[in-house]
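# Survey of secondary and tertiary structure
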Amino acid sequence: MMLAVMPVIGMGLILLSVWLRAGGKLNPDLCALWSGAGLLFLLLETLPPVRRFWIDLETESMGVLLICGIFLICLGLGGSVKRASWLEQRREREMEQSLRRDGKKSLLLVVNTLGRAGAETLLMQVLRSFHDASYEVFLYAVIGQGELFSQLPGNVTVLNPHPSTMSVLSERGRWRMAGGVLRAFVRNRGLCHKLWYVVRTLAAMHKKGRFQPDKLFWRVMAEGAQRFPVGFDIAVAWMEGGAAYYVADYVKADRKAALIHVDLERAGYTREMDRNCWEAFSAIFAVSEEVKRNFETLYPKYASRTRAFPNMVDLTGIQELARMGTGFSDGYLGIRLLTVGRLTYQKGYDMALEALNLLKKRGISVRWYVLGEGEERKFLERKRAMLGLEEDFVLLGAVENPFPYYARTDIYVHATRFEGRSIALQEALASGCAVIVSDCSGNREEIENGQNGLLCPFDPLALADCIARLVRDRTLRRELGIRASSQKMDAGFCGESWEALWDGEDGV
């Protein structure tokens, strides 16, 4: 009998500890301890000495041992849950004390993840340039994961209890995020409600013929994210999606603001997903005039709260970082093309491959390098192989410092389907690159055709023609680069102007 009970106890321990961890009742260390105990029960049953011990044991003794064992397990789990609760309460008291430290105002910034992407890179620049000593700055990521956690300045307090620096784009990172989604379903209750939301949203996506996993689960992640019992003076949703939903519904703050980095409709967001979350924000900042107009078309009710506030580019930092690396290391002597961005449908790499194939058929020799990672890598590798462009289209992955590559490329290509206001494009302009961009939202605000870059339709033939033009005309490449690097930057590029977000007539 006991031989049959031991595996049941072991599996029960593992499932119970995982369930308690998902519900926030156990910290990771205690969850690992009790899961290990469950695994030990499963393994012990297979050892011959243990099997003989239980076979030889009398029924009464077996029953006593079983009852005592279950009692000790329940006592241990209860104590672990109580300790986890005590640690959480202590952490909340410490947070409340830090919020009231020296009479400073508390500023909470919320992001979806802290991976190496445009909006997150912008946030890092803002945090480094934010020098207002009257604020205590806090950061929370709806998914507490991303490489940039290791680069946060010392004046920022991270509220995620166990942030991970694992890339959100790597295979292991995606598995970790999947685990986070599962935990979000059971944390803070409402499992049936969350499942019903996913089913309805999935049906709507199927009807439109566009499946987007991130949009599907952002609402679930927001509802399953950590709740803070204390209030903040200002809370800022740094991104649309999970961060906006979380700040709108679950953060206590005197004032709330949100930043929008993309055309919401083109990016796949809908009114049903947003659930009128924008009502909670007293100020909404769009990164470009075009993003602002698109938002006001979708939500005309909030036009009076919305204003354009452009990205910031650290020109001095770019120059310094460009000198800190060598960039390309393959010894290629021909014309180099460069694109920086995540490997996603939005970035249009499928069309870039078709344009490169046309160039090769014309006998124009170039090598195209891409810095970035994403879910479309395998698809792009298959298409690259099918077109025979393995040596011509080089996927270098995400790099920590892209600026030596900007400095040593001949042409920067940014042929995307849509944009908000691309940090990568702005960095390329600031680096003095000759730039080709697709004529789409976001891009056309940065480029005056023929002056600081070339605009072209989102079409492989048109893109190939623009690239061929710059390949043949070295003088034009140089002139475009000079004008790009010398153009006057917006006020939003200055670190000091970001502080207007928090105070003053134009702030929140």
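Residues numbered from 1 in each chain as written. Predicted model: local features only at pLDDT ≥ 70, side-chain atom pairs only at ≥ 80, totals over all residues. Heavy atoms only, no water.

### Some points on the overall build of the chain
Within the chain, the regular secondary structure consists of 21 helices and 13 strands. Taken over 508 residues, the chain has a buried fraction of 54%. Taking all contacts inside the chain whose residues are at least 6 apart in sequence as the whole, residues at least 24 apart take part in 69%. Entry remark: accessible area of the chain is about 23900 Å², with carbon and sulfur atoms responsible for 56%. (Helix = DSSP H or I, 4+ residues; strand = E, 2+ residues; numbered from the N terminus. Buried < 20%, exposed > 50% of the residue type's maximum accessible area, 1.4 Å probe, protein only. Contact = heavy atoms within 4.5 Å. Areas by Shrake-Rupley, 256 points an atom, 1.4 Å probe, with all protein chains shown as cover.)

### Considering the pairing of strand β9 (residues 366-371)
Consecutive side chains of a regular strand alternate in pointing toward one face of the sheet and then the other. Judged by how many residues are buried, β9 sits mostly within the fold: 6 of 6 residues are covered. Residues of β9 alternate between two faces, with Val366, Trp368 and Val370 on one and Arg367, Tyr369 and Leu371 on the opposite face, all of them buried. Summarising the sheet, strand β8 (residues 335-340) and β9 pair through 6 bridges and their orientation is parallel. Paired with isoleucine 335 across the strands is valine 366, a residue of β9. Between the parallel pair β8 and β9, the chain is carried across by helix α14 (residues 349-361), and the sense of this crossover is right-handed. Bridge analysis of β9 against strand β10 (residues 393-397) gives 4 bridges, and the strand direction is parallel. Pairing of tyrosine 369 across the sheet is with valine 394, part of β10. As for the winding sense of the linkage, the β-α-β connection from β9 through helix α15 (residues 377-387) to β10 is right-handed. (Pairing = 2+ DSSP bridges. Right-handed = clockwise from strand over helix to strand, strands pointing away.)

### Section: the confidence of the model for the chain
Averaged over the chain, the pLDDT score is 80; the fraction of residues at 70 or greater is 74%. Note that pLDDT drops below 50 for residues 490-499; the model gives that stretch 29 contacts with residues more than four away or on any other chain. (pLDDT = per-residue confidence, 0-100.)

### As for the pairing of strand β6 (residues 283-286)
Alternating residues of β6 divide into Ala283 and Phe285 and Ile284 and Ala286, and every residue in both groups is buried. Here strand β5 (residues 253-260) runs beside β6; their pairing, made up of 4 bridges, is parallel. In the strand pairing of β6, isoleucine 260 is matched with alanine 286. Here 3 bridges tie β6 to strand β7 (residues 306-308), and the two strands are oriented parallel to one another. Residue isoleucine 284 lies in a different strand from β7, and its bridge partner there is threonine 306.

### A short note on the pattern of salt bridges
This model, assessed by the stated rule, comprises 17 salt bridges. Among the ionic pairs, arginine 336 bridges to aspartate 330, the shortest N-O distance being 2.9 Å. Classification of aspartate 330 as partly exposed rests on a relative accessible area of 36%. Between aspartate 350 and arginine 417 there is a salt bridge, and its shortest N-O distance comes to 2.8 Å. Of the two residues, aspartate 350 sits in helix α14 while arginine 417 sits in the loop between β11 (411-414) and α17 (423-430), which places them 67 residues apart along the sequence. For the pair shown, aspartate 350 and arginine 417 are each scored as buried. Among the charged side chains, a salt-bridge network with shared partners connects Glu279, Lys301 and Arg305. (Salt bridge = Lys/Arg side-chain N within 4 Å of Asp/Glu carboxyl O.)

### Points about the packing of helix α6 (residues 171-186) against helix α8 (residues 213-223)
It is at 8 Å that the axes of α6 and α8 come closest, and there the two elements cross at 55°. With respect to each other, α6 and α8 are oriented oblique. Crossing handedness for the pair α6 and α8: left-handed. Contacts from Gly180, Val181, Ala184 and Phe185 of α6 reach α8 at Phe217, Val220 and Met221. A class-by-class count of the residues in the contact of α6 with α8 yields 6 nonpolar, 1 polar and no charged. (Axes fitted to C-alpha atoms, helices over the stretch in contact; angles between N-to-C directions. Parallel < 35°, antiparallel > 145°, perpendicular 65-115°, else oblique. Left-handed = near helix turned anticlockwise from the far one by under 90°. Nonpolar A, V, L, I, M, F, W, Y, C, P; charged D, E, K, R; others polar.)

### Focus on helix α5 (residues 118-129)
An α-helical turn contains 3.6 residues, so any two residues separated by three or four positions project in the same direction. Look at α5: 17 Å from first C-alpha to last across 12 residues, which is about the 16 Å you get at 1.5 Å a residue. Of all 12 residues in α5, 9 are buried; the element is thus mostly enclosed. Among the residues making up α5, those that are buried are Ala119, Glu120, Leu122, Leu123, Met124, Gln125, Val126, Leu127 and Ser129. (Expected span 1.5 Å × (residues − 1).)

### Comments concerning the nonpolar core
By size, the foremost hydrophobic cluster in this structure holds 53 residues, and its most contacted members are Leu108, Tyr246, Leu264, Trp278 and Phe281. Setting aside residues no more than four positions away along its own chain, phenylalanine 281 makes contact with Ala237, Ala244, Val247, Ala248, Lys256, Ala257, Ala258 and Arg305. Grouped together as the second largest cluster of nonpolar side chains are 34 residues, Ala352, Val370, Leu463 and Ile467 included. (Core = buried A, V, L, I, M, F, W, Y, C linked by side-chain atoms within 4.5 Å.)

### Some remarks on the sheet that holds β8
Sheet architecture is open: 6 strands sit in the order β10-β9-β8-β11-β12-β13, paired in parallel fashion. Two strands in the sheet have a free side with no partner beyond their single neighbour: β10 and β13 (454-456). Ignoring which end each strand starts from, the neighbouring axes of this sheet average 25° apart. Alignment of β8 against β11, held across 2 bridges, turns out to be parallel. Its bridge partner being in β11, leucine 337 is matched across the sheet by isoleucine 411. Sitting on the sheet, α14 is in contact with β8, β9 and β10, with an inclination near 170° to β9.

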